[in-house]
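# Notes for the structure review
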Amino acid sequence: MDINTMLNNFYEDHVKMTRVETKQNVDFVIPLVNKLLQYVHERDRRFKQQQLNVGSYYCHLKVTRADEFDYSVVLDIGSSLDWGIGTPSYYRYNGNNDVVRSSIPLPSAPTGKCVTQVAGLTHKWNNGRFNEGPACLTIGDHIIPIKVKRRFKALVSEAVNRLNIRQYVDAKPASESPAATLIISHPNIVGDTISVDLTPLIEAHLSFKPEFGWPRSGAKWPSFTKHEEIKAEGIHQVAKDPLYWSFSFVTCEKKLLDGIDSNGTCRKKSQRIMKKLREVWCPKGTKQELNSYHLKNILFWECENHPYDSKWTNDQLSVRVESMCYLIIQCIQRGNLPLYFHTGVNLLENKDENVLSQVALNILRFLKNPEQYLIQNF
């Protein structure tokens, strides 16, 4: 059996989701999320009730089962942002793991991060009497990421308790993740559990700076029209770091993926196969240093390196999967996987080199003997 046939069979048997099971889980999750976010909005109207549908399921990159859903919840700051210089940020962490005013300015933001200041916002929020005590999200006119994250997670936990859904919804305790994670167990869902991530986000609509390296001069993918759509969307901000806002390209990525296979190509199919194979390249119980977001960026780079649809027909599936595998290995060897929309950000930074080396070896073993992985390991 040739590798292309094996990959197609693997896709049908182990990757593709069934419509009936998917609909059953979606029909359960969406009303629950709407109910939760309505409660959060009623308690703090700065968090918008209408969520942004992002993540693998809504980008049609989910594999096997609809058991993970991702939503961005917009923090309403009243306007878009720009790259204005602003004033120094006088805040810091104190010994009680909280952010307080400081007489020494915060150091310049690392690559891929920034501070966020909105003139007059604190005054407006204070006048509305919803920026007091634990609900205070600002120091001066700076919006503090960890304050936003903690406030949002507290409201989500409160919603789970007050809406009498605690018996089948568990809000994970506070973590370093920017998302409030819900674990759902219920007889009406397919599978053991469903995971839902709710992540507060500032719709900043910031423009791309030249140093981000996108779009690249001479690149033939994506199209000019798609470039303009993504630029119009702009860059948002998410609370990954306690003191600095991280740039979020989540809606840019969704826009880029929209219609990516409109000519019957196999771009998303190849990506979903890679995500399923990652489960054996990075076995459960080991450190997951190669994640789905890495693979999504690998797909974007592969699309730019091979821009024409003729390179992405279904009979080229094995060629593209093999090419992306070698691209991952190359990035691991260099210790650098550049973020597609901001090449100054290294997605492998601070990852365990020994673990990644083992992942690279596993990918090489797959390339030498794909049958073992595609047939025997699943």
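Residues numbered from 1 in each chain as written. Predicted model: local features only at pLDDT ≥ 70, side-chain atom pairs only at ≥ 80, totals over all residues. Heavy atoms only, no water.

## Side note on the overall build of the protein chain
The test is simple: Put simply, DSSP H or I for four residues or longer makes a helix, DSSP E for two residues or longer makes a strand, and each gets a number counted from the N terminus. The globule rule used for comparison is 2.2 Å times the number of residues to the exponent 0.38, while the radius of gyration itself is calculated over C-alpha atoms. Pairs of residues are marked as contacts when any of their non-hydrogen atoms sit within 4.5 Å. Two residue types count as positive, namely Lys and Arg, and two as negative, namely Asp and Glu; His and chain ends fall outside the count. Note that the charge is assigned to NZ on lysines, CZ on arginines, CG on aspartates and CD on glutamates.
Within the protein chain one finds 12 helices and 14 strands. Relative to a compact globule of 378 residues, whose C-alpha radius of gyration would be 21 Å, the protein chain shows 22 Å and is just as compact. Dimensions of the protein chain, computed from C-alpha atoms along their principal axes, come out at roughly 70 × 50 × 40 Å. In the protein chain, of all internal contacts separated by at least 6 residues, the share reaching a separation of at least 24 is 70%. Positive and negative side-chain charges in the protein chain, numbering 47 and 40 respectively, have mean positions lying 3 Å apart.

## Here we look at the nonpolar core
Rules: The definition of a nonpolar core used throughout is a set of buried Ala, Val, Leu, Ile, Met, Phe, Trp, Tyr and Cys residues joined through side-chain atoms within 4.5 Å. Burial here depends on accessible area, computed with a 1.4 Å probe over protein chains only, as a share of the maximum for the residue type. Under 20% is buried, over 50% is exposed, and the range in between is partly exposed.
Counting residues in each nonpolar core, the largest one holds 109 residues, and the members touching the most others are Phe69, Val196, Leu198 and Trp281. In this structure Leu198 touches Val33, Leu37, Tyr71, Val73, Phe152, Val156, Pro178, Ala179, Ala180 and Leu182, once residues within four positions along its chain are discounted.

## A short note on helix α6 (residues 224-233)
Every α-helix winds through 3.6 residues per turn, so residues three or four apart in the chain are directed the same way. Stated precisely, the cut-off is as follows: What the arc describes is the spread of directions from the helix axis to the C-beta atoms.
Within α6, the full set of buried residues consists of Lys226, His227, Ile230 and Glu233. Within α6, the buried residues cover an arc of 125° as seen down the axis, which keeps them to one side. Exposed and oriented more than 90 degrees from the buried face of α6 are Phe224, Thr225 and Ala232. Lining the buried residues of α6 we find β10 (194-206), β11 (235-238) and α7 (250-257). Positive backbone phi, approximately 75°, marks Gly234, located one or two places after α6.

## As for the packing of aromatic side chains
This is how it is decided: Only Phe, Tyr and Trp rings are paired, with Trp represented by its six-membered ring, and only when their centres lie within 6.5 Å; those with planes under 30 degrees apart are stacked, over 60 edge-to-face, the remainder tilted. Each ring is checked for a lysine NZ or an arginine CZ that lies within 6 Å of its centre and within 35 degrees of its normal; such an atom marks a charge sitting over the ring.
Per the counting criterion, the structure on display carries 17 aromatic pairs. Aromatic side chains Phe212 and Phe247 sit 5.6 Å apart centroid to centroid with 45° between the ring planes, which places their arrangement in the tilted category. In this pair, Phe212 is assigned in the loop between β10 and α6 and Phe247 in strand β12 (residues 245-248), connecting sequence segments 35 residues apart. We note that Phe212, like Phe247, is buried. Among the aromatic residues, those joined into a ring-pair cluster are Phe208, Trp214, Trp221, Phe249, Phe300, Trp301, Tyr340 and Phe341. The cationic tip of Arg46 hangs over the ring face of Trp125; the distance from NZ or CZ to the ring centre is 4.7 Å. Sitting over the ring of Trp312, Arg320 keeps its end group 5.5 Å from the ring centre.

## Considerations on the pairing of strand β2 (residues 68-74)
Note the cut-off: Any two strands between which DSSP finds at least two bridges are classified as paired.
Of all the seven residues making up β2, five are buried; the element is thus mostly covered by neighbouring parts of the structure. Pairing analysis gives three bridges linking strand β1 (residues 52-54) to β2, with the strands arranged antiparallel. Each residue of the ladder has a partner; that of Val54, found in β2, is Asp70. Summarising the sheet, β2 and β10 pair through seven bridges and their orientation is parallel. Bridging from a neighbouring strand, Ser72 pairs with Thr199 of β10.

## Considerations on the packing of helix α9 (residues 292-305) against helix α10 (residues 317-334)
Note the following rule: Between the N-to-C directions of two axes lies an angle of 0 to 180 degrees, each axis being a line fitted to C-alpha atoms and, for a helix, fitted only over the stretch in contact. Our angle categories are set so that under 35 degrees counts as roughly parallel, over 145 as roughly antiparallel, 65 to 115 as roughly perpendicular, and the remainder as oblique. Definitions for this section: a left-handed crossing has its near helix turned counterclockwise from the far helix by less than a right angle. A right-handed crossing has that turn clockwise. Three categories are distinguished: nonpolar for Ala, Val, Leu, Ile, Met, Phe, Trp, Tyr, Cys and Pro, charged for Asp, Glu, Lys and Arg, and polar for the others, with Gly belonging to the last.
Across the interface, α9 lies against α10 with an axial gap of 10 Å and an inter-helix angle of 115°. Judged on the interaxial angle alone, α10 and α9 are roughly perpendicular. Note on packing geometry: the crossing formed by α9 with α10 is right-handed. Contact residues: Leu295, Ile298, Leu299, Trp301, Glu302 and Asn305 in α9; Arg320, Ser323, Met324, Leu327, Ile328 and Cys331 in α10. Considered class by class, the residues forming the contact of α9 with α10 number eight nonpolar, two polar and two charged.

## Points about helix α2 (residues 19-43)
What counts, and what does not: In a helix, the anticipated span is given by 1.5 Å times the number of residues less one.
Taking 1.5 Å per residue as the helical rise, α2 with its 25 residues ought to reach 36 Å, and the 36 Å between its terminal C-alpha atoms agrees with that figure. Of the residues making up α2, those classed as buried are Thr22, Asn25, Val26, Phe28, Val29, Leu32, Val33, Leu36, Leu37, Tyr39 and Val40. At its buried positions, α2 is contacted by α3 (55-58), β2, α5 (145-162), β8 (169-171), β9 (180-184) and β10.

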